[in-house]
Amino acid sequence: MSIRAVFFDVDGTLLGAGHCIPPSALEALHAARQNGVRLFIATGRVTAMALFLKDMFDFDGYLTLTGQYGFDRSGRVLHRLPHDPEDIRILMRLQEKEPFPCLIAEAEDCFMASDSDLVRMHFKDHGLPEPALYDIRRLETHDVYQLITYDPERTNPKLAPLRHVRITNAASYCHDVIPENGGKHVGIRRLAAHYGLKPEEILVFGDGKNDVDMLRYAGIGVAMGNACPEAKAAARYITTHVDADGVYNGLKHFDVI
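Let me begin by describing the structure that accompanies this report. Predicted model only: the values in this text are computed from it and were never measured. (Residues numbered from 1 in each chain as written. Predicted model: local features only at pLDDT ≥ 70, side-chain atom pairs only at ≥ 80, totals over all residues. Heavy atoms only, no water.)

## Looking at the packing of aromatic side chains
Put simply, the test is: Paired rings are identified among Phe, Tyr and Trp, the last through its six-membered ring, by centres lying within 6.5 Å, and are further divided according to the angle between planes into stacked (under 30 degrees), edge-to-face (over 60) and tilted (the rest). Each helix is a run of DSSP H or I of at least 4 residues and each strand a run of E of at least 2, with the numbering of both proceeding from the N terminus. Throughout this description, buried means an accessible area under 20% of the type-specific maximum (1.4 Å probe, protein chains only), exposed means over 50%, and partly exposed covers the range between.
A complete count under the given rule lists ten aromatic pairs for this structure. Considering the side-chain rings of Y62 and F71, the 5.4 Å spacing of their centres and the 10° angle between planes classify their relative orientation as stacked. Pairing Y237 with F254 gives two aromatic rings, centres 5.4 Å apart and planes at 90°, and the pair type is edge-to-face. Taken together, the residues span a long stretch of sequence, with Y237 in strand β14 (residues 237-238) and F254 in the segment after α8 (246-253) at a distance of 17 residues. Exposure remark for Y237: the relative accessible area of 24% places this residue in the partly exposed category. By way of ring pairs, the aromatic residues F57, F59, Y62, Y69, F71 and Y145 are connected into one cluster.

This is the structure:
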C-alpha cells in the first residue's frame, strides 16, 4: 500500500544546523507534495514555537504539544487532549510551597508556573516574549495541554503528586509532561481518522524519546541517523543524519519521492 501522509518531528529531524530545513529536505517536501502526499508536523514544541515553519513550507497540518493539540493549515482545530484540571491545581499548590521552573502550555498561550530565568531564557532563544505568570483562574476557561519542566533531574521528582501524567522528552534540558493517555501517536491517529488515512498509509520521521510511540504506530517509522537509541530501536528504518540528507534519503528509500 502506498504512503499517503508523512508526519515530521521538528528538532533534529526536519530542522538541522542553523535551525533551518536543509535544502535537500525542502526539495523532498515539494516532491512529495507533487506526488499527492499530505505533509504534517508532529512536534513537542509549544504552538508559538512551531508556527514559524509556515514561512518555510505550507504544511497540511500541525500537531504541537507532543501531539495533544492538532490543527490544519487554516487553523481549524482537529484534535484536543488536555490535562486533567485537577493535576494543574495540584501543580500550582506545589508551586506555592516550593517554586520550581515549569511552563504551563495552553493551546495558543504559555505561562510560567512561577518566576523562572530558565523559562525566560527558553523563550528568548526562540525570539518570543517572556511568558506571564500563570493565573489558576484561567483553568475555568482554558485547557492546559502540556507542562514543560526545566532542570528535570531536580524538578521532575516534584511532580510525583500529579495523578494522570507521563513524562517524555526530546531535549535533555527540558522535559514534556503530557496526559498519561496522550502522545504524538494519539494525535496522528485522530488526524488520520479525519483525513481517512490508515496506519499503513502513514510514514513518520523522528529522533527523540517522545517520537517512540509514533514510530511504532505508523506503517513506516523512520529514525534519523542522529536519533537516540530508543527511537532507532522503535523504527523500521534508520536514515542518515538530519544534515546528511536524512529526510530526502528516507523518502527516497520508500518511494515517496
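## As for the sheet that holds strand β7 (residues 110-112)
Selection criterion: In this scheme, strands are said to pair when DSSP sees at least two bridges between them.
On the basis of which strands lie adjacent, the open sheet formed by six strands has the order β8-β7-β6-β9-β11-β10 and mixed pairing. Of all strands in the sheet, those with a lone pairing partner are β8 (132-133) and β10 (165-168), marking the two edges.

## Here's the deal with the nonpolar core
How we decide: We call a set of buried residues a nonpolar core when its members are Ala, Val, Leu, Ile, Met, Phe, Trp, Tyr or Cys and they connect through side-chain atoms within 4.5 Å of each other. The contact definition used throughout considers only heavy atoms, calling two residues in contact when any of these lie within 4.5 Å.
By size, the foremost hydrophobic cluster in this structure holds 45 residues, and its most contacted members are V6, F8, F59, L203 and L251. Residue contacts for F8: discarding those within four places in its chain leaves L14, L29, L39, F40, I41, A42, F59, F205, V247 and L251. Within the second largest apolar cluster, 24 residues are counted, among which are F40, I188, A192 and M214.

## Points about the environment of T64
Looking at where T64 falls in the secondary structure, it is placed in strand β3 (residues 61-64). Residue classification places T64 among the buried positions, given a relative accessible area of 0%. The spacing of T64 and Q146 is 82 residues in sequence and 9.6 Å in space, taken between C-alpha atoms. For T64, the residues in contact, after removing those within four places along its chain, are T43, R45, V46, T47, A50, Y69 and F71.

## Some words on the pattern of salt bridges
For clarity, the threshold we go by: The working definition used for a salt bridge is a side-chain nitrogen of Lys or Arg within 4 Å of a carboxyl oxygen of Asp or Glu.
The final tally for this structure, using the stated rule, is 19 salt bridges. Put simply, R73 and D60 hold a salt bridge, and the shortest N to O gap is 3.2 Å. With a gap of 13 residues between them, R73 in the loop between β4 (69-72) and β5 (77-80) and D60 in the loop between β2 (38-42) and β3 connect regions that are remote in the sequence. Between R120 and D117 there is a salt bridge, with its nearest N and O atoms 2.5 Å apart. Note that R120 and D117 are positioned in helix α3 (residues 117-125) at a spacing of three residues, about one turn of the helix. Salt bridges linked by common partners bring R33, D58, D60 and R73 together as one network.

## Things to note about the pairing of strand β9 (residues 146-150)
Here β9 lies mainly inside the structure; five of its five residues are buried. The side-chain alternation of β9 yields two buried faces, one formed by Q146, I148 and Y150 and the other by L147 and T149. In the sheet, strand β6 (residues 102-105) pairs with β9 via four bridges, with the strands oriented antiparallel. Of the residues in β9, the one forming a bridge with C102 is T149. Of the pairings in the sheet, the one linking β9 to strand β11 (residues 174-179) comprises four bridges and is antiparallel in character. Residue pairing in the sheet places L147 in a bridge with V177 of β11.

## Considerations on unusual backbone geometry
Phi is positive for H19, close to 55°, though the residue is something other than glycine. One non-glycine residue with positive phi stands out, namely T66, at about 55°. Relative to the helices and strands, T66 resides in the loop between β3 and β4. Its relative accessible area of 1% is what places T66 among the buried residues.

## Notes on the packing of helix α1 (residues 23-34) against α8
Here is the rule we go by: Only C-alpha atoms enter the line fits that serve as axes; for helices the fit covers just the stretch in contact. Angles between N-to-C directions range over 0 to 180 degrees. In this classification, the charged set is Asp, Glu, Lys and Arg, the nonpolar set is Ala, Val, Leu, Ile, Met, Phe, Trp, Tyr, Cys and Pro, and all remaining amino acids, among them Gly, are polar.
With their axes 7 Å apart at the nearest point, α1 and α8 run at an angle of 35° to one another. Counting all contacts with α1, which are made through S24, A25, E27 and A28, the residues of α8 involved are V247, Y248 and L251. A class-by-class count of the residues in the contact of α1 with α8 yields five nonpolar, one polar and one charged.

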